[in-house]
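Reading the structure
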Number of protein chains: 2
Amino acid sequence: MPRLNPLAPLDPPRRLLMGPGPINAYPQVLRAMAKPLLGQFDPQFRAYMAETSALYRRVFQTRNRWTMLVDGTARAGIEAALVSLLEPGDRLLVPIFGRFGHLLAEIGRRCGAQVRTIEVPWGRVFEPEDIERALRRHRPKLVAICQGDTSTTMAQPLAEVGPLCARHGVLTYVDATATLGGMDLPVDRWRLDVVSAGLQKCLGGPSGSAPITISERAAQLIYRRRHIEQGLQPPGYRPGPGRRIASNYFDLAMIMDYWSEKALNHHTEATSMLYAARECARRLVKEGLRAAFARHARASRAMVAGLKAMGLELYGDARHKMPNITGVVIPPGVDGERVRRAMLDEHGIEIGTSFGPLHGRIWRIGAMGANARLAAITRTLAALEKVLAREGYRLERGAAVAAAASAWRAR
Amino acid sequence: MPRLNPLAPLDPPRRLLMGPGPINAYPQVLRAMAKPLLGQFDPQFRAYMAETSALYRRVFQTRNRWTMLVDGTARAGIEAALVSLLEPGDRLLVPIFGRFGHLLAEIGRRCGAQVRTIEVPWGRVFEPEDIERALRRHRPKLVAICQGDTSTTMAQPLAEVGPLCARHGVLTYVDATATLGGMDLPVDRWRLDVVSAGLQKCLGGPSGSAPITISERAAQLIYRRRHIEQGLQPPGYRPGPGRRIASNYFDLAMIMDYWSEKALNHHTEATSMLYAARECARRLVKEGLRAAFARHARASRAMVAGLKAMGLELYGDARHKMPNITGVVIPPGVDGERVRRAMLDEHGIEIGTSFGPLHGRIWRIGAMGANARLAAITRTLAALEKVLAREGYRLERGAAVAAAASAWRAR
């Protein structure tokens, strides 16, 4: 760690962040955060909140009224969804295809749910039949699943999962932290009930705000558990008939009241993070969702072509690779951590390590948001080539950059 | 509400925020948030985290190792403290002297605690004997109390409360959201176990990050409840003997592991909010705590003198008024909300309304952080004078500003 100097002004080194996220924010998102603050009940601030809802409806491809922000990191959005949907004893099914599936199960257990899990080996995804079999067997109230799990770089197809759950009368929660803005997720068309994300991946913002959208069906269920704080209760108030949600901060009924025209006080909206979230969505909507998805797919093809041209083996089922992140098998004889350190110290480029069973076995290289562009990819490949060559790994100099540029141009 | 225009760039109107908070951030704090992002395990970022801990140790006047941030608004800090300290069935005592005392009690109930409360009429504070009597009667595990409750503008003296609780073997939690940086709070000297705050009051930053400090005694208790997520567990790992904390996001044992040298992955630290939190503390430490407290006290004297010179009646026990906020009784015949609207629309100044029993009865006028300065106070008083005069309220023109300036100079 560098020598500490708490009284020095902030002066972060410029890094190119090509890991699994956080990645570099778009410059206009950083600028938005430096805008002057407003009071939380200022009419202009309420307008910014309403605009943020409207923008995230477009990002989530939904007409859900309740589309808003949870004030915390992506994980805060997950916990808000699960603690508001699940009562103790409710059955939760989690199809696990990586570390973040384990996280969904663990949060479900902390909510007091009866958690049932199914698993596939890391590097693969589920078939709809796997999930249907588990639905019949476990009869859950809720299925919670990741769209993309950065730990394995796999993306679970969800087009059939939402309708399948709806046919079985089961609610769905999708953790889209790692994918929102980088690949298609039409929430209404796929009949998903609650979906949440973070800003620090494909949306190109800082961690610290969790966009969330809630179907009418889920909102009704949550609103049955509504309890207004003492001191804010209007005359004639009666609590909802459902069991009070175990968290105040993550009580989505209260957050809905705060975002509604009633503007009931709850937390104090994190002003600068809302500015960032609004700018992330505004930028994406202006680019166009289709264009952004295509750009991430194109970046993926370029990164894959470049890595393969170096002779590197990629991890996982190629048909289901997330577009924004690529797992690379660390070649025999190469010290993965020494390579990462050299990338950072000598080239200012961060690439990712791995968790659990993949630790020490693969690197995870991202190309998303502001970094889903050719220059970021070629800079990363050129640096990796230099570092790997010095490690004694045999490769053809220059091949990676040429292959990436060619794949990028091919469209 | 202004007409919505989600695709327009952010361009917030310039407001002078003289309510109970959020208030205008210091310009250098806004600039810090626009700095480039770093990866969460980048050595430089870990150094910024360690520096942030070091700075908040000075702000909290503590040697507590565990001094860090919870990634959410001030309320997130409260919930993290209570859910990590309290197990279902534990007894919690909350001395309530305003709305935020009710909030502590309600969060305690959601944690499954047996909550006991004592109350004083709004506008007053507790004597140590009141609290000691309740300690003897209820024998709680934890006492949770606000230092300042903005709903009533009262500040509870705590110098004797901490040692009193320690003598009874009771843990203390203090919500210092509204006061940290504006008045004295020597955490170690007063023997307080867990204290948390937000940035959006006297610290002069945006809402969205909650500094927290944890005594060794409380940390040991929390660490007994440590459970590492599946997929991150080191070889030979055994969970702590205590009951697992009901929240993953607010599990302070996990947040401690994340902030420790082990750097165990939990949430993804909200980079820009950490930059803001670091800058808030750095600015305060450079100004000096004593100087900042004196500046807030001076601003309070100036505001009080100005309001009184307008013939306005102040709310609550003057001996225990918070320095950073003043309650003003809305004079008979004056429409409080019309005044607030005119202040905002015609003068660009926000003053606060009130909650619950005080709603429609008092305004709350703040002068804290970047706004604890004479120019902000005189601008507010001059505008209020104009608006009140138009409402038909009789006052001596010019007296308020003169009295405030004179009180400010008197020191």
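Because the structure is a prediction, the values reported are computed rather than measured.

Regular strands place side chains that alternate from one sheet face to the opposite one. All names here are of chain A. Across the five residues of strand β13 (residues 362-366), five count as buried, placing the element largely inside the fold. Because side chains alternate across β13, one face comprises the buried residues I362, R364 and G366, and the other comprises W363 and I365, equally buried. In this structure, strand β11 (residues 325-329) lies alongside β13, joined through five bridges in antiparallel fashion. For V328, the partnering residue across the bridge sits in β13 and is W363.

Residues and elements named next belong to chain B. Strand order in the open sheet formed by seven strands is β2-β10-β9-β8-β5-β3-β4, with mixed pairing between adjacent strands. Taken across any chain shown, the strands that pair with only one partner, and hence form the sheet edges, are β2 (66-70) and β4 (114-119). Neighbour to neighbour, the strand axes of the sheet diverge by 20° on average, direction disregarded. Strands in contact with helix α4 (residues 99-110) are β3 (91-96), β4, β5 (142-146) and β8 (171-175); relative to β3, the strand with the most contacts, it is inclined by about 165°.

Here the focus is the packing of helix α10 (residues 289-309) of chain A against helix α12 (residues 374-390) of chain A. Residues and elements named next belong to chain A. One way to put it is that α10 packs onto α12 with a least axis distance of 10 Å and a crossing angle of 20°. With respect to α12, the element α10 is oriented roughly parallel. Handedness of the crossing formed by α10 with α12: right-handed. Across the interface between the two elements, A299, A302, M303 and G306 of α10 pack against L374, I377 and L381 of α12. In terms of residue class, the contact of α10 with α12 is made up of six nonpolar, one polar and no charged.

Take the nonpolar core next. Within the largest apolar cluster, 281 residues are counted, with the highest numbers of intra-cluster contacts made by L82, L85 and A404 of chain A together with L82, L85 and A404 of chain B. Among residues more than four places away in sequence, those in contact with L85 of chain B are L142, L171, Y173, V194, A218, L221 and I222 of chain B.

The subject of this paragraph is the environment of H102 of chain B. Summarising the element assignment, H102 of chain B is placed in helix α4. According to the C-beta neighbour criterion, H102 of chain B is buried, with 21 such atoms within 10 Å. Setting aside chain neighbours within four positions, we find H102 of chain B in contact with E229, Q230 and G231 of chain A together with I96 of chain B.

Scoring rules and cut-offs
Residues numbered from 1 in each chain as written. Chains lettered and ligands numbered in written order. Predicted model: local features only at pLDDT ≥ 70, side-chain atom pairs only at ≥ 80, totals over all residues. Buried ≥ 20, exposed ≤ 12 C-beta atoms within 10 Å, placed from the backbone. Helix = DSSP H or I, 4+ residues; strand = E, 2+ residues; numbered from the N terminus. Pairing = 2+ DSSP bridges. Axes fitted to C-alpha atoms, helices over the stretch in contact; angles between N-to-C directions. Contact = placed C-beta atoms within 7 Å. Parallel < 35°, antiparallel > 145°, perpendicular 65-115°, else oblique. Left-handed = near helix turned anticlockwise from the far one by under 90°. Nonpolar A, V, L, I, M, F, W, Y, C, P; charged D, E, K, R; others polar. Core = buried A, V, L, I, M, F, W, Y, C linked by C-beta atoms within 7 Å.

The values reported here are purely geometric and, on their own, carry no functional implication.
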